[in-house]
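Next come the chains, spelled out residue by residue.
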Amino acid sequence: MGFGAASPAEARAKLEKLKLEATAAAAAPPTPSKPEDEDAVARLAQKILRSSSIEEARQHAREATNTTNDPRLAPLFQSPSKGRDKATPGWPESVEMYLGPTNSGKTHRSLDFLAKIGSGCYAGPLRALAWEVRHSVEARAKKVWGEHPPTVGLWTGEESRDPDAPVLCCTAEVAPSHGNVLVLDEAHWCADPQRGHAWTRLLLAARSGRYRHVRICGPVQSEPLLRRVFEKHEHAVTVHRTQRRSRLHFERDPIADFPAFLQQAKSERRFVAVVAFSRAAVLSLAGIARKAGARASVIFGKLPPEARRKQLDDALAGRLDVLVCTDVIGHGINLPLDDVVFAETKKFDGTQRRDLYVWEAAQVAGRAGRDELPGRCWYLLRYGA
């Protein structure tokens, strides 16, 4: 019988008794909760944040919920990705564009804002760039948040680390469509025939209010297109035009003796990037550089993540004289370069071999020059230029 009763009559009687008890409980005034001790709440929060593993953190969270119902602890029990993925249709609270040349601080300012808020997404064109930005945001977040900064995750087409972290650095194709802050880098890629759809998707998500704060970075040439995206609310968009911090000098005379040029650059402790547009050319030029006595390494698109990270670490640590690469350095990777040398000025774009567009060449050449130190751009006389 129901309710553990021996007969239908006894079951009905128990049911009536339960109804009366439920009615009385609903009518009774709520028992006032004791105000939480400030120190006790702080201790519980620190205990959760300082856990050595996710399992330990969950155990501390369960203990905390049995001890207190203080709403200040609620964010510690929630999955970070839930807050990021909530849509808020309408119009974002803020939209700011940082438009200017390379080495002008566009992305720098946007990443400062992302680290300050502590929740959102950085989306860019390269796996190597997402990896670099992740480390940059981690350092910035530590300065802002102290001992307990938000976790920064990485998500690209080939690797994933803490993808549910409150801050995510990723390639544009896999970036979430909702969140708190969106930093959309290299916005001119929205016009690219092969990959532009990824930037367009994020721009439309930003315009519809699925991100609360939007920061867009790109060259000044992208301003007309971006203004069309936000034209209905153009008055609510703030545009910052940034200026390059260092001079960039284009050498008119080509490099006739490549090994001699590299030897001189090494003696002057100048860090040189040599740019070509095929893996065969990159490896060939690296071989020439090594024969000239330079410490040379390579970076190209299909290099495994571990190898690419090692090359970038070596470059940033000053363990290289020459970096031979494709135009990946033109898409935001920050290296302490003094000179950029074009070994080729034609590339295969997936359909045909063509001359570089002016903006493509400018993006690559602009990587020369560190902070306020001037940079120089060259081209080889006898290779593929």
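Peer 1: Before we go on, may I ask you to explain the overall build of the protein chain in this structure?
Peer 2: The helix and strand tally for the protein chain stands at 12 helices and 16 strands. Counting every position in the protein chain, which comprises 385 residues, the buried fraction comes to 46%.

Peer 1: Explanation requested: the packing of aromatic side chains in the structure shown.
Peer 2: Working definition: an aromatic ring pair is given by the centre-to-centre distance plus the angle between the planes. One pass over the structure, following the stated rule, counts 3 aromatic pairs. Aromatic pair Trp91 and Phe230: ring centres 5.9 Å apart, planes at 80°, arrangement edge-to-face. Placement of Trp91 in the loop between helix H4 (80–84) and strand E1 (94–99) and of Phe230 in the loop between helix H8 (223–229) and strand E8 (237–241) is noted, with a sequence separation of 139 residues between them. Residue classification places Trp91 among the partly exposed residues on the basis of a relative accessible area of 24%. Residue Phe230 is classed as buried on the basis of its relative accessible area of 2%. A ring pair is formed by Phe261 and Trp378, whose centres lie 5.1 Å apart and whose planes are at 65°; its orientation type is edge-to-face.

Peer 1: What is the right way to look at the state of the cysteines in this model?
Peer 2: Simply put, the disulfide is a covalent bond whose two ends are the sulfur atoms of two cysteines. Going through the model one piece at a time under the given rule, you end up with 0 disulfides. Among the cysteines around Cys121, which has no disulfide bond, Cys170 carries the closest sulfur, lying 3.6 Å off. Under the relative-accessibility criterion, Cys121 is labelled buried at 0%. Among the cysteines around Cys169, which has no disulfide bond, Cys170 carries the closest sulfur, lying 7.4 Å off. What makes Cys169 buried here is its relative accessible area of 0%.

Peer 1: What am I meant to see in the sheet that holds strand E7 (residues 211–218) here?
Peer 2: Backbone hydrogen bonds hold the strands of a sheet together, and the pairing may be parallel or antiparallel. Spatially, the 8 strands line up as an open sheet ordered E4-E3-E5-E2-E6-E7-E1-E8, and their pairing is mixed. Edge positions in the sheet fall to strand E4 (160–161) and E8, since each has one partner strand and no second. Where E1 and E7 come together, 6 bridges link them in parallel fashion. Bridge pairing in E7 links Ser94 to His213. This element, helix H6 (residues 127–145), spans strand E2 (120–124), strand E3 (152–155), E4 and strand E5 (167–171) of the sheet and lies at about 160° to E5.

Peer 1: Please explain helix H7 (residues 196–207) as it appears in this structure.
Peer 2: For an α-helix, 3.6 residues make a turn, and residues three or four places apart therefore share a direction. The end-to-end C-alpha distance of H7, which contains 12 residues, comes to 17 Å, matching closely the 16 Å that a straight helix rising 1.5 Å per residue would cover. Every buried residue of H7 is accounted for by Gly196, Ala198, Trp199, Leu202, Leu203, Ala205 and Ala206.

Peer 1: Sorry, what's going on with helix H11 (residues 305–316) here?
Peer 2: Look at H11: 16 Å from first C-alpha to last across 12 residues, which is about the 16 Å you get at 1.5 Å a residue. When H11 is considered as a whole, its buried residues turn out to be Pro305, Arg308, Arg309, Gln311, Leu312, Asp314 and Ala315. Against H6, E4 and strand E11 (296–299) lie the buried residues of H11.

Peer 1: Which parts of the structure should I look at to understand the pattern of salt bridges?
Peer 2: Two side chains of opposite charge can pair, provided their charged atoms sit close to one another. Counting across every chain of the model gives 22 salt bridges. In this structure, Arg353 engages Glu344 in a salt bridge whose closest nitrogen and oxygen atoms are separated by 3.9 Å. A relative accessible area of 8% means that Glu344 is categorised as buried. The salt bridge involving Asp349 is made with Arg354; its shortest N-O contact spans 2.9 Å. Sharing partners across several salt bridges, the network here consists of Glu251, Glu268, Arg270, Asp339 and Arg376.

Peer 1: What am I meant to see in unusual backbone geometry here?
Peer 2: When glycine is set aside, most residues are seen to have a negative phi, and most peptide bonds are trans. A positive phi angle, near 55°, is found at Asn103, a position not held by glycine. Structurally, Asn103 can be placed in the loop between E1 and helix H5 (106–117). Asn103 gets classed as buried once you look at its relative accessible area, which sits at 15%. Phi is positive for Arg269, close to 60°, though the residue is something other than glycine. The residue Arg269 is located in the loop between helix H9 (258–267) and strand E10 (272–275) in this model. Judged by its relative accessible area of 75%, Arg269 falls in the exposed class.

Peer 1: Hey, could you run me through the nonpolar core in this one?
Peer 2: Counting residues in hydrophobic clusters, the biggest one holds 39 residues, and the most contacted among them are Leu114, Tyr122, Val137, Ile329, Leu335 and Val340. Broken down by element, this core gets its largest block of residues, 6 residues, from H6. Ignoring anything within four residues of it in the chain, the contact list for Ile329 reads Ala273, Val275, Leu335, Leu337, Val364 and Arg367. Membership of the second largest hydrophobic core comes to 27 residues, among which are Ala123, Ala187, Ala198 and Val237.

Peer 1: Teacher, can you tell me more about the packing of H5 against H6 here?
Peer 2: Any two packed helices are characterised by the angle at which their axes cross and by the distance between the axes. Packing of H5 against H6 brings their axes to within 8 Å, and their N-to-C directions diverge by 55°. By the criterion of interaxial angle, the relationship of H5 to H6 is oblique. H5 and H6 meet at a crossing whose hand is right-handed. Side by side, H5 and H6 meet where His108, Leu111, Asp112, Leu114, Ala115, Lys116 and Ile117 of the first sit next to Val133, Ser136, Val137, Arg140, Ala141, Val144 and Trp145 of the second. By residue class, the composition of the contact of H5 with H6 is 9 nonpolar, 2 polar and 3 charged.

Peer 1: Where do I start with the pairing of E10 in this structure?
Peer 2: Regular strands place side chains that alternate from one sheet face to the opposite one. What you see with E10 is no split at all: Val272 and Val274 on one side and Ala273 and Val275 on the other are buried throughout. Note: E10 against strand E12 (residues 322–325), 4 bridges, orientation parallel. Paired with Val275 across the strands is Cys325, a residue of E12. Across 4 bridges, E10 lies against strand E13 (residues 339–344) in parallel orientation. In the sheet register, Val274 faces E13, and the bridge partner there is Val341.

Each value, and the rule that gives it
- Residues numbered from 1 in each chain as written.
- Predicted model: local features only at pLDDT ≥ 70, side-chain atom pairs only at ≥ 80, totals over all residues.
- Heavy atoms only, no water.
- Helix = DSSP H or I, 4+ residues; strand = E, 2+ residues; numbered from the N terminus.
- Buried < 20%, exposed > 50% of the residue type's maximum accessible area, 1.4 Å probe, protein only.
- Phe/Tyr/Trp six-rings, centres within 6.5 Å; stacked < 30°, edge-to-face > 60°.
- Disulfide = S-S within 2.5 Å.
- Pairing = 2+ DSSP bridges.
- Contact = heavy atoms within 4.5 Å.
- Axes fitted to C-alpha atoms, helices over the stretch in contact; angles between N-to-C directions.
- Expected span 1.5 Å × (residues − 1).
- Salt bridge = Lys/Arg side-chain N within 4 Å of Asp/Glu carboxyl O.
- Core = buried A, V, L, I, M, F, W, Y, C linked by side-chain atoms within 4.5 Å.
- Parallel < 35°, antiparallel > 145°, perpendicular 65-115°, else oblique.
- Left-handed = near helix turned anticlockwise from the far one by under 90°.
- Nonpolar A, V, L, I, M, F, W, Y, C, P; charged D, E, K, R; others polar.

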